[in-house]
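Commentary on secondary and tertiary structure
Listed here are the chains, written in short residue letters.
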There are 2 protein chains.
Amino acid sequence: MAGRVLVVLCLSWLSQQVRAEEIKSPNRNLTLNFSLQAGGVPTYSLTYKGRPVIKPSHLGLELKNGQALTNGFAVTSSKTRAFDETWTPVWGETKTIRNHYNELTITLTQAATKRVMLVHFRVFDDGLGFRYDFPKQPELAYFVVKEERTQFALAGDHKAFWLPGDYDTQEYSTTTSKLSEVRGLMKTAVTPNASQTTFSPTGVQTPLMLKSQDGLYINLHEAALIDYSTMSLDLDDKNMVLESHLTPDAQGNKGYLQTPCLSPWRTIIVSDRAGDILESKLVLNLNEPTKYKDVSWIKPTKYVGVWWEMITGKSTWSYTNATNIKLDSTDYSKLKPNGTHGANTAHVKEYIDFAAQHHLDAVLVEGWNTGWEDWFGQSKDYVFDFVTPYPDFDVQELHRYAASKGVKIIMHHETSGSVRNYERHLDTAYKFMADNGYSAVKSGYVGNILPRGEHHYGQWLNNHYLYTITEAAKYKIMVNAHEAVRPTGLARTYPNLIGNEAARGTEYESFGGNNADHTTILPFTRLIGGPMDYTPGIFQTKISAYNPQNTSFVHSTLARQLALYVTMYSPLQMAADLPETYNKHLDAFQFIEDVAVDWDDSKVLEAEPGDYITIARKAKGKPNWFVGSTCDEQGRTSTINLGFLDPGKKYVATVYADAKDAHYEKNPQAYAIRKVSVTSKTKLTQYCAPGGGYAISLVPSAGK
Amino acid sequence: MAGRVLVVLCLSWLSQQVRAEEIKSPNRNLTLNFSLQAGGVPTYSLTYKGRPVIKPSHLGLELKNGQALTNGFAVTSSKTRAFDETWTPVWGETKTIRNHYNELTITLTQAATKRVMLVHFRVFDDGLGFRYDFPKQPELAYFVVKEERTQFALAGDHKAFWLPGDYDTQEYSTTTSKLSEVRGLMKTAVTPNASQTTFSPTGVQTPLMLKSQDGLYINLHEAALIDYSTMSLDLDDKNMVLESHLTPDAQGNKGYLQTPCLSPWRTIIVSDRAGDILESKLVLNLNEPTKYKDVSWIKPTKYVGVWWEMITGKSTWSYTNATNIKLDSTDYSKLKPNGTHGANTAHVKEYIDFAAQHHLDAVLVEGWNTGWEDWFGQSKDYVFDFVTPYPDFDVQELHRYAASKGVKIIMHHETSGSVRNYERHLDTAYKFMADNGYSAVKSGYVGNILPRGEHHYGQWLNNHYLYTITEAAKYKIMVNAHEAVRPTGLARTYPNLIGNEAARGTEYESFGGNNADHTTILPFTRLIGGPMDYTPGIFQTKISAYNPQNTSFVHSTLARQLALYVTMYSPLQMAADLPETYNKHLDAFQFIEDVAVDWDDSKVLEAEPGDYITIARKAKGKPNWFVGSTCDEQGRTSTINLGFLDPGKKYVATVYADAKDAHYEKNPQAYAIRKVSVTSKTKLTQYCAPGGGYAISLVPSAGK
């Protein structure tokens, strides 16, 4: 007994000694402070250039069984270290990435339970990352998380670019409001989706973009989300404190952990310049280097696809108009074709021809496999088998034909959320791909998850998504998962995760439309975690041109659609419109044909979330630069400096711009293309229409 | 409007016309009556020789959405047919099986919803089977079952042999009581289990064995449980009405169906002779013929195993005493062996030697693969990989050694209930088996199910169990699943389902003991659905002989252990005790060596549930007969007539019997073996000790 009291006193003494710890970013702009508050509550705060970013905020987790890991702690040790390394991504926005931070590791011991929890803080010039670390220890082996209690106490009622917190969908329009207005706007913000589960009148998703009244840009997200539930944030709108809210499983638990284990990193990117948020590599830096020895098979890809024609309603995924199909007892050769099936051999060849002609890498084909007649919303277990084509889709012939033209076909695996069924077929499906020349797959998770009661963003599904990626790697297959969890930089570790949707993509332009400012926000929110398969390039912005029943229109000018290939970074870029439309605008299409999908350098030239973004990027291994600019419904004039160009060179700039009278709704297809000679000293002024933008390709002049 | 009224009137008129339907069994002993009660409620009743078995009982289902399929019906057609066919099972108790019934099919139409539901009734000489049939129809494609509402209204307060209704375990001792006593005895009846979920103070499982006060034996169960949730029964103990209660999923739903589809058959076996219940093939007859073209690889098997030594605590499944193991980061070669690991190469070879010496087919080896250190009760996802042996288990060498001796090794796949993990590894694991000479697997589902919230007997798991069986068939692998759902005759269709546990097996003799009458009940309950891997043959009935800490004892005499090879029919029979023990009783072991595991004929000579069972069986393709007799704690004298023997032949009967002073607790190992010459005219009288029994092998005399 005496011994135990002594230990407690010792710990108490220690905690007095190291009660407050502080580290700074390499450039000393950021200061992270850690302390224990009364009752042994671990607490951190963050400042940027002396201004508060995060006020003292609690750390810890509640467990399903036993004492919470939120208080009763003493600091039993602390360590700091500096780290500076430059690494080369398999694909990316820049040729190399510098990973430079100062780290503080706090070891916390809970006297009452003898449990130990570490917190690692890494302070970069562009922000802070921290994570929980549960070492292997006798008193903590397996545990169930009731809730993570990580706070982000904000310094004011910031402007927020937010999506309703949801366990199953990210496909909401961004609402821009003060934090104090979230509660009042929530009902309007929650629009219908095939699978959705909101959890709080003040719950929001990450990446959450904030701007303080004094001009600080703050982004909250997470990095390296592995074998853990996805974090949303719940807002205490009296005190402006955001707190972690994890996605539960079917039984309401938030996570099943076994020591040794780590939480994902909680990330706070901060700057007084908006462009720094876009240029930040903090999330990637907090992920592990790639686990693959051979990455030669991972190739950035530009593609067209049999897709937009279905999205608009011009054609169908399904081969028949039958209903109530059972996959294992349906003989499609005996059913009457509906005549609207997009993925037929002849039609796919037209896409292959177009891709070959315009030097695109690949053709995505959706609706090629049996089961689409009633694939959706039926909680159907055996919904697809991923290997059986419809009678009018000739796998072998298309493989031969595409290969002869140097074009790849991209596989499509819609799971309808039935993930047991998908996992059962996964190996066979990937093998089928390898056997038939496919090296990339677009997967989909539309609708509620099976096993029923699990959510898209719970630990169970996060485990599944990563499983598909590592299994795909065995067959050298790249994965582009839609309706899966939002990325958290895992593509650094698993670079065959070549794309994700995880937000409201271009498809919604056919489902009622995206806000005109949508693409001025996404790079500040969704893209912080990784690239998005946004599928830009819609030239025919009136959907009724394809389907008279569909009154939606694309909330963008044609010129802005080109800009997105630069502003919406992705190693996987679709030219989403139909070849028949592109053939009417081949002058504009030239930009899509020319634009790179992998880069040696990137510069944010202008940026203000919700208003405009202008970015310049240098093509991988080439001297060419490309510029894209997107703006909101107001329109504006962009002024950029071409100082990023090689000082000694002359370039031909081809500018694809909105015409003077262009307007995203009233006159979206009014564009003008001009060529000008420029140098690194050129200052360029360019008008952007409401919902418009521009794109520029910059090629060194032949003469120089 | 007028048209609709007309339809309703027509249906109403029709329903008057065919309001009551009746069919009889081929032998006319059973009469099934179907009628619509007021409000269009489908109702059936059953009599046996004029005595009520099931009083008028309601039929139907409640759906999660929309009007219940329990009332508002009209009978729109009815059909009868007779069926008589004899088929040959791949393995079984008899060489051929006669499937002989009269069928009544009622088509019910629900005017308000235009939905159609059929009920098929098949009346056999030994009972009734009926099922719901939902044809493909516009108004009913996909539907979710809230509850099945099938009633079994009993004619009295019968004596019942019951287990507590549970979604996750069947490993309870049988309670024998009047139905009216169930409620009062429930608390005592529910003993602890690794995974258990009871649902009602009067909930019981099937197969439920009943005996009326006037001597009718009634058994309630189900047949052909495929893609549907397992049925328990909930008792209204005022009216003695049992009602179906399906196993829910994680969200509380009872089933997800798509038309066309069928419910399992609900079965009522009935006779005034107890032996008829044991001889009934009704459950098998209600299953479909085998789906396999080639069944040559399916072989009844007698085996020993590295198993009982772990069950008793003499040795361990695990190779080390480490805790908190992570499979993907543990290097077992660096851990200290615990010295108690059973499944080591040298020791397994001893079992192989014993099997070869005594002409047994196979050796089961549990604990051969990594992960056993903390496999259990942790809700652990990645718990086993099913292909990595412990360092002291040499797969190749044992394959070679076993093959050289003509012995098979039986694979063991414990899943710890983590079925996603199992399915992910299943194909690789089966391939590993095929590559290493294994042709049978014992699988296990100890503990709560992952995906969490699902139950052992829900539709999700039932689907899984069948998936493993059909996948195994692709590799010509036989499956013996423990802790899986109780069988419902599916082995007729999928005969590589060679065994199941699904009840309290011999292992419980080491966990406190089974009741002495246990094996006089199981053939009337658990075995009605199919064979059980009961693992008899324990000669050393004091567990302390193996593990001084373990005070349990086997509630059986040694002689009765031999009888179980006959009374507990299974094509898979273990000699569960240790070779070191068998070597001390080789005279008794001779019966185990001789007894068949596949049969041309079977006769129940004596039977009374809970008291005694005596069965004679003729070995497949041989003239030899074997007799087994088991009795309860009272002991008794059995008198049997050997009239089943070939009239023209003399036989040597080797009788393995309890000694006069034998007793299952006080003197279990006291047995006597005698040889006598017998013919078909011999009447044999044999004393059975309390908890005892006897076994006889009958071999035609060489001279005749």
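Per an unreviewed UniProt entry, chain A goes by Glycoside hydrolase family 97 protein and derives from Hymenobacter setariae. Quoted verbatim from the Cofactor (unreviewed entry) heading of the UniProt record, the comment on chain A is "Ca(2+)". UniProt lists a comment for chain A under the heading Subunit (unreviewed entry), and it reads "Monomer."

Concerning the interface of chain A and chain B
The interface of chain A with chain B comprises 33 residues on the first partner and 33 residues on the second. The tally of links between chain A and chain B comes to 2 salt bridges. Where B:Arg424 meets A:Glu423, a salt bridge forms, and the shortest distance between an N and an O atom there is 2.7 Å. There are 24 residue pairs in polar contact (both at pLDDT 80 or more) connecting chain A and chain B. Every element with two or more residues in the side of chain A that touches chain B is listed here: β19 (255-258), α8 (419-435) and α9 (459-474) of chain A.

Quick word on the relation of the copies chain A and chain B
Overlaying chain A on chain B yields an RMSD of 0.0 Å, the required transformation being a rotation through 180° with an accompanying axial translation of 0.0 Å. Taken together, the rotation and translation describe the operation of a two-fold axis. Interface residue correspondence from chain A to chain B reaches 100%, placing this contact among same-surface, isologous pairings.

Description of the sheet that holds strand β28 (residues 572-574) of chain A
Residues and elements named next belong to chain A. The strand order across the open sheet formed by 7 strands is β27-β26-β25-β24-β23-β22-β28, and the pairing between neighbours is parallel. Of all the strands in the sheet, just β27 (497-500) and β28 have a single pairing partner and so form its edges. Direction aside, the axes of adjacent strands within the sheet are offset by 25° on average. Pairing between strand β24 (residues 408-414) and strand β25 (residues 440-444): 4 bridges, direction parallel.

Overview of the nonpolar core
A:Tyr44, A:Phe121, A:Phe134, A:Phe152 and A:Ile268 are the most contacted members of the largest nonpolar core, which totals 182 residues. Not counting residues within four places of it along the chain, the set of residues in contact with A:Phe152 comprises A:Tyr44, A:Ile54, A:Ser57, A:Phe130, A:Leu220, A:Met231, A:Leu233, A:Met240, A:Val241, A:Leu242, A:Arg266 and A:Ile268.

Here we look at unusual backbone geometry
Following A:Thr206, the chain continues into A:Pro207 via a peptide bond in cis, with omega recorded as -5°. Looking at where A:Pro207 falls in the secondary structure, it is placed in the loop between β14 (203-204) and β15 (208-211). Residue B:Pro260 is bonded to the preceding B:Thr259 through a cis peptide linkage, with omega at -5°. Note on placement: B:Pro260 falls in the loop between β19 (255-258) and β20 (261-262). One non-glycine residue, A:Met240, adopts positive backbone phi at about 55°.

Quick word on the layout of surface pockets
Residues and elements named next belong to chain B. Space inside the second largest pocket adds up to approximately 880 Å³. Taken together, 45 residues line the second largest pocket, and the ones lying closest to its centre are Ile97, Glu279, Ser280, Lys281 and Leu284. Breaking the lining of the second largest pocket down by element, the ones donating at least two residues are β7 (97-110), α3 (274-279), α4 (282-285), β29 (599-608) and β30 (612-619). Across the lining of the second largest pocket, the residue classes tally to 22 nonpolar, 13 polar and 10 charged.

Overview of the sheet that holds strand β4 (residues 51-58) of chain B
Ordered by their spatial adjacency, 8 strands build an open sheet running β1-β2-β3-β4-β11-β18-β17-β14 (chain B), and the pairing between neighbours is antiparallel. Since the sheet does not close on itself, it has two edges, and those belong to β1 (20-24) and β14 (203-204) of chain B, each with one partner.

Here's the deal with the packing of helix α8 (residues 419-435) of chain B against helix α9 (residues 459-474) of chain B
Relative orientation and spacing of two packed helices are given, respectively, by the angle between their axes and the distance between those axes. Residue and element names in this part refer to chain B. Their axes nearest at 11 Å, the elements α8 and α9 cross at an angle of 5°. By the angle between their axes, α8 is roughly parallel relative to α9. When α8 is examined against α9, the residues Val419, Tyr422, Glu423, Leu426 and Tyr430 are found in contact with a partner set consisting of Leu461, His464, Tyr467, Thr468, Glu471 and Ala472. Partitioning the contact of α8 with α9 into residue classes produces 7 nonpolar, 2 polar and 2 charged.

Things to note about the packing of aromatic side chains
Taken as a whole and judged by the stated rule, the model has 70 aromatic pairs over all chains. Ring centres 5.9 Å apart and planes at 50° place the aromatic pair A:Phe34 and A:Phe121 in the tilted group. Separated by 87 residues along the polypeptide, A:Phe34 in strand β2 (residues 30-37) and A:Phe121 in strand β8 (residues 115-124) bring together distant segments of the chain. Here A:Phe34 and A:Phe121 have matching classes, each one buried. Judged by centre distance (4.9 Å) and plane angle (50°), the rings of B:Trp372 and B:Phe384 are tilted. Of this pair, B:Trp372 sits in the loop between β23 (362-365) and α7 (395-404) while B:Phe384 sits in the loop between β23 and α7, placing them 12 residues apart in sequence.

Looking at the environment of A:Thr415
Residues and elements named next belong to chain A. Along the chain, Thr415 turns up in the loop between β24 and α8. Take Thr415: its relative accessible area is 0%, and that puts it in the buried class. Along the sequence, Thr415 and Leu32 sit 383 residues apart, while their C-alpha atoms lie 44 Å from each other. Apart from residues no more than four positions distant in its own chain, Thr415 is found in contact with Val383, Phe386, Tyr422, Gly444 and Tyr445. Within polar-contact distance, the side chain of Thr415 engages the backbone oxygen of Gly444 at 2.6 Å.

Considering α9(B)
In a regular helix each residue adds 1.5 Å, so 16 residues correspond to 22 Å; α9(B) covers 23 Å between its end C-alpha atoms and thus fits that length. The buried fraction of α9(B) is high, at 14 of 16 residues.

Notes on the pattern of salt bridges
All names here are of chain A. In total, this model carries 67 salt bridges over all chains according to the counting rule given. A salt bridge links Asp214 to Arg51; the nearest nitrogen and oxygen atoms lie 3.3 Å apart. Of this pair, Asp214 sits in the loop between β15 and β16 (217-223) while Arg51 sits in strand β4 (residues 51-58); the two residues are 163 residues apart in sequence, bridging distant segments of the chain. Beyond isolated ion pairs, a larger network of salt bridges with shared partners links Glu62, Lys146, Arg149 and Glu243.

Some thoughts on the pairing of β15(A)
Residues and elements named next belong to chain A. In the sheet, strand β12 (residues 159-162) pairs with β15 via 3 bridges, with the strands oriented antiparallel. Along β15, the bridge assignment pairs Ala160 with Leu210. Where β15 and β16 come together, 4 bridges link them in antiparallel fashion. Residue pairing across strands places Leu210 opposite Ile218, the latter belonging to β16.

Rules used throughout
- Residues numbered from 1 in each chain as written.
- Chains lettered and ligands numbered in written order.
- Predicted model: local features only at pLDDT ≥ 70, side-chain atom pairs only at ≥ 80, totals over all residues.
- Heavy atoms only, no water.
- UniProt positions renumbered as here; feature names shortened; annotations may be inferred.
- Contact = heavy atoms within 4.5 Å.
- Salt bridge = Lys/Arg side-chain N within 4 Å of Asp/Glu carboxyl O.
- Polar contact = N/O pair within 3.5 Å; in protein donor to acceptor, adjacent residues only side chain to side chain.
- Helix = DSSP H or I, 4+ residues; strand = E, 2+ residues; numbered from the N terminus.
- Least-squares fit on C-alpha atoms with pLDDT ≥ 70 in both.
- Pairing = 2+ DSSP bridges.
- Axes fitted to C-alpha atoms, helices over the stretch in contact; angles between N-to-C directions.
- Core = buried A, V, L, I, M, F, W, Y, C linked by side-chain atoms within 4.5 Å.
- Buried < 20%, exposed > 50% of the residue type's maximum accessible area, 1.4 Å probe, protein only.
- 1 Å grid on protein atoms, 1.4 Å probe; cavity = no way out; pocket = protein on both sides within 12 Å on 5 of 7 lines; lining within 4 Å.
- Points joined across faces, edges and corners; volume = space filled by probe spheres on them.
- Nonpolar A, V, L, I, M, F, W, Y, C, P; charged D, E, K, R; others polar.
- Parallel < 35°, antiparallel > 145°, perpendicular 65-115°, else oblique.
- Phe/Tyr/Trp six-rings, centres within 6.5 Å; stacked < 30°, edge-to-face > 60°.
- Expected span 1.5 Å × (residues − 1).

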